[in-house]
Amino acid sequence: MGIKELQSNVDQWIKEHGVRYFNELTNTALLVEEVGEVARIMARTYGEQSFKESDKDKNLADELADVLFVLTCIANQTGIDLEKAMQENMEKKTKRDKDRHKNNDKLI
C-alpha cells in the first residue's frame with residue numbers, strides 16, 4: 001500500500017467506523033501514547049528491562065502500525081499530503097546530510 005492509499009484508507013475507515021476524527025490535540029496525545037508503547041517493547045526486547053507478564057503479548061509490528069495510523073489521522077485532518085511531505089523531507093535530509101554520517105567516526 002502506498003502512502004496516498006494509506007491516507008485514503010484511514011480516512012475511509014474513520015468515516016465508516018470512527019464517526020469522525022478525534023480533534024488534533026487528542027490525536028497528538030494518542031500518538032505519544034502509541035509511541036510510548038513502542039518504546040516499552042523496544043526497552044524490553046532490545047534494552048535492559050525485563051518483560052512484565054502483561055507485556056508479553058505485545059507485538060512491535062502492531063504497535064508501529066498504531067503509530068502510523070494515528071500519524072496518518074493527524075496528516076489527514078490537517079491537510080498534509082504525507083507522500084509529498086516525505087519526498088521533500090528526504091530531499092532535505094539528502095542535501096543536508098549526504099556526507100555527514102559518512103564522516104562520523106562513531107558510525108565506523
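What you see is a predicted model; the values in this text were computed from it and never measured.

For helix α4 (residues 82-97), which comprises 16 residues, the first-to-last C-alpha distance of 21 Å matches the rise-based estimate of 22 Å (1.5 Å per residue) to within 8%. For α4, the side-chain oxygen to backbone nitrogen distance between the N-cap and E83 is 3.0 Å, and the N-cap itself is D81.

This part is about the environment of R40. When you line up the elements, R40 lands in helix α2 (residues 24-45). Given the relative accessible area of 36%, R40 is considered partly exposed. Discounting chain neighbours no more than four positions away, the residues touching R40 are K52 and D55.

To continue, consider the confidence of the model for the protein chain. In this model, the protein chain carries a mean pLDDT of 95, and residues with pLDDT of at least 70 account for 100%. Helix α3 (residues 60-77) holds the highest mean pLDDT among the elements of the protein chain, 98, whereas α4 holds the lowest, 96.

What counts and what doesn't
- Residues numbered from 1 in each chain as written.
- Predicted model: local features only at pLDDT ≥ 70, side-chain atom pairs only at ≥ 80, totals over all residues.
- Heavy atoms only, no water.
- Helix = DSSP H or I, 4+ residues; strand = E, 2+ residues; numbered from the N terminus.
- Expected span 1.5 Å × (residues − 1).
- Polar contact = N/O pair within 3.5 Å; in protein donor to acceptor, adjacent residues only side chain to side chain.
- Buried < 20%, exposed > 50% of the residue type's maximum accessible area, 1.4 Å probe, protein only.
- Contact = heavy atoms within 4.5 Å.
- pLDDT = per-residue confidence, 0-100.

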